[in-house]
Amino acid sequence: MKFRSFCTFGLLTACLLTSSIILTNEKEAQAQDATTLQSKFIMTTDISLFGNYLTYNAENKSYDLEVKWPIENHHQWNKLKYYLDHLPQNQDLHNPLIDRNKEVIIFIENNPDQISGEDMYFSENGSILRVKRTPQDVIYSGADDFYKFLKNQMEENGQTYSATKKDININAPGLVIIFRGNTTLTNPSWIVTDKDGLKVYLTRMFDIMNKEENIHTGLITSTDIEETFDRLNTFMIYTNIKGMETKLISVNEYGRLRSTKIKLEGISYKDDRNFFSVVKRQALDELSQKQSDIQTRENIDKQNDF
């Protein structure tokens, strides 16, 4: 089963989410796709943007991440997206990871929720794959008691802030709960996987979401503080449970709950302007800098040995 012949626009969601399963069924190592690369939670109240340079490892039949780097110039990134909208489009979607292109550069743009945004795949196959992850939100009121419950659970689990960096995998099975409370320290987090615990959390969530009177409608503006969920003092619950369409539940200190589903949309562009060569030069520059930094550290360590 090949991505090129199997995927259509209507089947994009299934293809993108099962690409690694296809490889596993062929008894090959899992390719490192955008979902894997963006699995770590990044504390931010703004958009985060990273480039990732991958090379195909024929021996392991998987991809190696050569270098990952932050994109600081968002203006240039927005210009790139503007130019892409003026490129001709392909009828079929081509995923360079499934095609096993030798070099693939993936740019991952995440909104503060870490699940919506978009991914851009560049390779020498002459096309650019763009995957938009659009959030579909519903906001509910009546979540005051649930917010207090989460605060109590955080204290009971002994979750506190820490200056020590720890990776939080937002794709871990179960409910991954993070309290967005501080922009500099590692935020409290815990995972609920046991059957009884999941029942308690899910029951409380669905009690709020199943009441029509709790649905909060109307336009959201920047002045609607009660309707914001990307600021501090917000609980984020990533729902990695089979069959559950809602991917994220956010609960803010004003007693509001936001349910987020993700709509995937794929577009394939013809790389007529050879953007791949441009982004590859940037990736190689970053790789060279990384190797130089490693060498510098090794030289310092050798000096310290004396």
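Residues numbered from 1 in each chain as written. Predicted model: local features only at pLDDT ≥ 70, side-chain atom pairs only at ≥ 80, totals over all residues. Heavy atoms only, no water.

1. Things to note about the overall build of the protein
How we decide: In this description a helix means any DSSP run of H or I spanning at least four residues, a strand means any run of E spanning at least two, and both kinds are numbered starting from the N terminus. Buried residues are those whose accessible area, probed at 1.4 Å on protein chains only, stays under 20% of the maximum for their type, while exposed residues exceed 50% and partly exposed ones sit between those limits. Working rule for contacts: check all heavy atoms of both residues, and any pair within 4.5 Å makes them a contact. Every accessible area reported is derived by Shrake-Rupley at a probe size of 1.4 Å, with residue values counting cover from the shown protein chains alone.
Scanning the protein from terminus to terminus reveals seven helices and ten strands. Looking at the protein as a whole, 45% of its 306 residues are labelled buried. Within the protein, contacts between residues separated by at least 24 positions form 69% of all contacts whose residues are at least 6 apart in sequence. In the form shown here, the protein has an accessible surface area of approximately 16,600 Å², with 48% of it arising from carbon and sulfur atoms.

2. Here's the deal with the pattern of salt bridges
What counts, and what does not: When a carboxyl oxygen of Asp or Glu lies within 4 Å of a side-chain nitrogen of Lys or Arg, that pair is called a salt bridge.
With the rule as written, the count across this model stands at eight salt bridges. One salt bridge in this structure joins Arg-130 and Asp-85, with 3.1 Å as the shortest N-O distance. Remark: Asp-85 occurs in the loop between helix H4 (74-84) and strand E3 (103-110) and Arg-130 occurs in strand E5 (residues 127-140); sequence separation between them is 45 residues.

3. Describing the environment of Ile-177
Following the sequence through the fold, Ile-177 ends up in strand E6 (residues 174-180). Once you skip the residues sitting within four places of it in the chain, Ile-177 turns out to touch Pro-188, Ser-189, Trp-190, Val-192, Tyr-201, Phe-235, Met-236 and Ile-237.

4. What to know about the sheet that holds E6
Note on sheets: strands pair through backbone hydrogen bonds, and any given pair is parallel or antiparallel. In plain terms, the rule: At least two bridges found by DSSP between two strands are what make those strands a pair. Note on method: axes are straight lines fitted to C-alpha atoms, helices fitted across the in-contact stretch only, with angles between N-to-C directions ranging 0 to 180 degrees.
With antiparallel pairing, ten strands are arranged side by side in an open sheet as E2-E1-E3-E4-E5-E10-E9-E8-E6-E7. Each end of this open sheet is capped by a strand with a single partner; those strands are strand E2 (62-70) and strand E7 (189-192). On average, each strand axis in the sheet is inclined to that of its neighbour by 20°, with strand direction left out of account. Where strand E8 (residues 234-240) meets strand E9 (residues 248-252), five bridges bridge the pair, whose relative direction is antiparallel. When the sheet's bridge partners are listed, Ile-237 is paired in E9 with Ile-249. Where helix H5 (residues 144-156) meets the sheet, its contacts fall on E6, E7, E8, E9 and strand E10 (257-270), and the angle it forms with E8 comes to roughly 85°. The strands that helix H6 (residues 195-209) touches are E5, E6, E7, E8, E9 and E10; relative to E6, the one it contacts most, it runs at about 70°.

5. Some remarks on the pairing of E8
For E8, the tally of buried residues reaches six of seven residues, placing the bulk of the element in the interior. For E6 and E8, the ladder comprises seven bridges, and the chain directions are antiparallel. Across the sheet, residue Gly-174 finds its bridge partner in E8, namely Asn-240.

6. Focus on H4
Quick reminder of the rule: By definition, the arc is the one covered by directions from the helix axis to the C-beta atoms.
Taken residue by residue, H4 has Trp-77, Leu-80, Lys-81 and Leu-84 as its buried positions. Axial view of H4: buried residues confined to an arc of 95°, hence all on one face. Seen from the open side of H4, the exposed residues pointing more than 90 degrees away from its buried face are His-75, Gln-76 and Tyr-82.

7. Topic: the environment of Ser-288
Topologically, Ser-288 is positioned in helix H7 (residues 275-305). Along the backbone, Ser-288 and Val-67 are 221 residues apart, and their C-alpha atoms lie at a distance of 9.4 Å.

8. Observations regarding the nonpolar core
For clarity, the threshold we go by: Side-chain atoms within 4.5 Å link the members of a nonpolar core, which is a set of buried Ala, Val, Leu, Ile, Met, Phe, Trp, Tyr and Cys residues.
Grouped together as the largest cluster of nonpolar side chains are 24 residues, with contacts concentrated most on Phe-146, Leu-175, Phe-235, Val-251 and Leu-257. Where this core is concerned, the elements lending two or more residues are H5, E6, E7, H6, E8 and E9. Residue contributions to this core peak at six residues, all from H6. In this structure Leu-175 touches Trp-190, Ile-191, Val-192, Leu-198, Tyr-201, Leu-202, Met-205, Ile-237, Tyr-238, Thr-239 and Ile-241, once residues within four positions along its chain are discounted.

9. Considerations on unusual backbone geometry
One non-glycine residue, Gln-114, lies in the positive phi region at around 70°. Its location among the elements puts Gln-114 in the loop between E3 and strand E4 (117-123). The phi torsion at Asn-233 lies on the positive side, around 60°, for a residue other than glycine. With respect to the element layout, Asn-233 can be found in the loop between H6 and E8. By relative accessible area, Asn-233 is classed as partly exposed at 30%.

Everything listed here is a matter of geometry and, on its own, says nothing about what the molecule does.
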